[in-house]
Amino acid sequence: MAQTVVHKANTRGVADHGWLKSYQSFSFAGYYNPERINFGALRVLNDDIVTGGMGFGEHPHDNMEIISIPLEGELQHKDSMGNTATIKAGEIQVMSAGTGIYHSEYNPDASKPAKFLQIWLFPNKRNVTPRYDQILLDATEQKNEFVQILSPNADDAGVWIYQDAWFNLAKFDAETSKTYQLHKKGNGVYIFVLKGEVEVNGQVLETRDGFGIWETDSFAVKAITDAEFLLMEVPMEF
Amino acid sequence: MQVIEILIVGTNKPILATIERLINKEGQWVATLSYSVKEATSICLEKDFGLLLIGAGLGEDEEVALKQQIAILRPKLPVVKHYGGGSGLLFAEIYQALATS
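Residues numbered from 1 in each chain as written. Chains lettered and ligands numbered in written order. Predicted model: local features only at pLDDT ≥ 70, side-chain atom pairs only at ≥ 80, totals over all residues. Heavy atoms only, no water.

Draft legend 1. Fine view of the overall build of chain B. When helices and strands are tallied, chain B shows four helices and four strands. Secondary structure of chain B in N-to-C order comes out as β-α-β-α-β-α-β-α. Taking the principal axes of its C-alpha atoms as reference, chain B extends roughly 30 × 30 × 20 Å. By residue count, 50% of the 101 residues in chain B fall in the buried class. Here the analysis covers contacts within chain B between residues at least 6 apart in sequence; of these, 72% occur between residues at least 24 apart. Looking at chain B as shown, the accessible area adds up to about 4,800 Å², and 51% of this sits on carbon and sulfur atoms. Taking the average place of the 9 positive charges on the side chains of chain B and the average place of its 11 negative ones, the gap between the two points comes to 3 Å. (Helix = DSSP H or I, 4+ residues; strand = E, 2+ residues; numbered from the N terminus. Buried < 20%, exposed > 50% of the residue type's maximum accessible area, 1.4 Å probe, protein only. Contact = heavy atoms within 4.5 Å. Areas by Shrake-Rupley, 256 points an atom, 1.4 Å probe, with all protein chains shown as cover. Lys, Arg positive; Asp, Glu negative; His and termini not counted. Charge placed at Lys NZ, Arg CZ, Asp CG, Glu CD.)

Structure follows, in structure tokens:
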């Protein structure tokens, strides 16, 4: 029988640094909740809002797969591998921190905030050579489908990472229902609702709610209203 | 307030320096750095620590060797692996390790 966990939006950690407001689904920085450490290999899901003209100064990472999904506005990325890039809504950025990387992320538009999801997964391979990639997604216009944006395979749709994880974005019209089939035994799926209301396994989820499901091969997602959501399939043991 | 001594071991000096700064900033924790398994085990013999934190740069074989040696030298010393290299996960890792030790 499927196991599930619900994280309502208003139970997330909140950090307000003035220039950054961060809603944290799992323990992060000053937010510590022993009941909310991770969902399998998914360790960080931060829903961040960066004030215009501000951002994260240069800081290090190692041995973590770091995915950023801009929702509104832009972020300017610079890193110790020499990459300089701007990412905006409709794109996805991935960094394999591996042996160590320094990077900064700034909102270059002083007139409006940048909103993005910051997602960290434990890697399945340690001390790899750091890498950076970003791609334009074609998910934004495809409706009523699960659109893959991340996988473990370099030649598959979306970006790739060092973990047996698959991410899908979905934009469903109200009343649309689809079954998600997991790729790998032992994986679970964490669903994060970006907009609207959906129902999964009898649980109604609203905007910014999170829902984890595991010990199942598949499950149905039904949109109650027009809805957008992210499905993150990750190993539960890693 | 009880001060907890935390021994950090790793080889990536910039990341270790970041971890050291973050730990010392907390007030109730004091960090000591070591840059190899040999150095860490040597320091452990001379001084009591409340936590051993494995930072960036050690290979998996080195980590296994370190844990084996600590299990013999200081069997009650909790050992925790730090992921991510910065402030994001550090405090939760330390809180968890201390709570379960």
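Draft legend 2. A look at the pairing of strand β11 (residues 114-121) of chain A. Residues and elements named next belong to chain A. Judged by how many residues are buried, β11 sits mostly within the fold: seven of eight residues are covered. For strand β4 (residues 42-50) and β11, the ladder comprises eight bridges, and the chain directions are antiparallel. The residue of β11 that forms the bridge with Asp48 is Phe116. Pairing analysis gives seven bridges linking strand β6 (residues 65-72) to β11, with the strands arranged antiparallel. Each residue of the ladder has a partner; that of Ile67, found in β11, is Ile119. (Pairing = 2+ DSSP bridges.)

Draft legend 3. Expanded view of the layout of surface pockets. Residue and element names in this part refer to chain A. Estimated volume of the largest pocket: approximately 640 Å³. A total of five residues in the lining of the largest pocket trace back to one element, the largest contributor, which is strand β5 (residues 55-61). Its residues placed into classes, the lining of the largest pocket shows 13 nonpolar, 16 polar and four charged. Considering the residues around the second largest pocket, the lining is formed by 24 residues, among which Pro70, Leu71, Leu194, Lys195 and Glu228 are closest to the centre. Contributions of two or more residues to the lining of the second largest pocket are made by β4, β6, β15 (166-172), β17 (187-195) and β22 (227-235). Broken down by element, the residue count for the lining of the second largest pocket peaks at four residues, all from β6. A class-by-class count of the residues in the lining of the second largest pocket yields twelve nonpolar, three polar and nine charged. Both domain 1 (12-136) and domain 2 (146-235) contribute no fewer than three residues apiece to the lining of the second largest pocket. (1 Å grid on protein atoms, 1.4 Å probe; cavity = no way out; pocket = protein on both sides within 12 Å on 5 of 7 lines; lining within 4 Å. Points joined across faces, edges and corners; volume = space filled by probe spheres on them. Nonpolar A, V, L, I, M, F, W, Y, C, P; charged D, E, K, R; others polar. Domains from an automatic or database assignment.)

Draft legend 4. Looking closely at the sheet that holds strand β1 (residues 4-9) of chain B. All names here are of chain B. Across the sheet, four strands lie side by side as β2-β1-β3-β4; this open sheet has parallel pairing. Looking at strand neighbours, the two that pair on one side only are β2 (29-34) and β4 (79-81), the edges of this open sheet. Shown here is a sheet whose adjacent strand axes are inclined to one another by a mean of 25°, direction ignored. Where β1 and strand β3 (residues 51-54) come together, four bridges link them in parallel fashion. Residue Ile8 lies in a different strand from β3, and its bridge partner there is Leu53. Helix-sheet contacts for helix α1 (residues 13-25) involve β1, β2 and β3, and the interaxial angle to β2 is about 160°. (Axes fitted to C-alpha atoms, helices over the stretch in contact; angles between N-to-C directions.)

Draft legend 5. Up close: the packing of α1 of chain B against helix α4 (residues 87-100) of chain B. Residue and element names in this part refer to chain B. Direction vectors running N to C along α1 and α4 enclose 55°, while the axes themselves pass 11 Å from each other. Viewed along their axes, α1 and α4 adopt a mutual orientation that is oblique. α4 is crossed by α1, and the crossing has right-handed handedness. Residues Ile19, Leu22 and Ile23 of α1 form the contact with α4, whose participating residues are Ser87, Leu90, Phe91 and Ile94. Of the residues contributing to the contact of α1 with α4, the split by class is six nonpolar, one polar and no charged. (Parallel < 35°, antiparallel > 145°, perpendicular 65-115°, else oblique. Left-handed = near helix turned anticlockwise from the far one by under 90°.)

Draft legend 6. Structural detail: the nonpolar core. Residue and element names in this part refer to chain A. Core analysis: the biggest nonpolar cluster contains 27 residues, and Ile67, Ile119 and Phe167 have the highest contact counts within it. Counting residues per element, the ones that place at least two in this core are β4, β6, β9 (91-96), β11, β13 (146-151), β15, β17 and β22. Shared between two domains, this core holds at least three residues of each, these being domain 1 (12-136) and domain 2 (146-235). Here Ile67 is in contact with Ile92, Gln93, Val94, Leu117, Gln118, Ile119, Leu121, Leu150, Ile161 and Phe167, once residues within four sequence places are set aside. (Core = buried A, V, L, I, M, F, W, Y, C linked by side-chain atoms within 4.5 Å.)

Draft legend 7. Quick peek at unusual backbone geometry. Residue and element names in this part refer to chain A. Of note in this structure, Asn63 is not a glycine but carries a positive phi near 45°. Tracing the backbone through its elements, the reader meets Asn63 in the loop between β5 and β6. In this structure, Asn144 takes a positive phi of about 60° despite not being glycine. Its place among the elements puts Asn144 in the loop between β12 (131-136) and β13.

The values reported here are purely geometric and, on their own, carry no functional implication.
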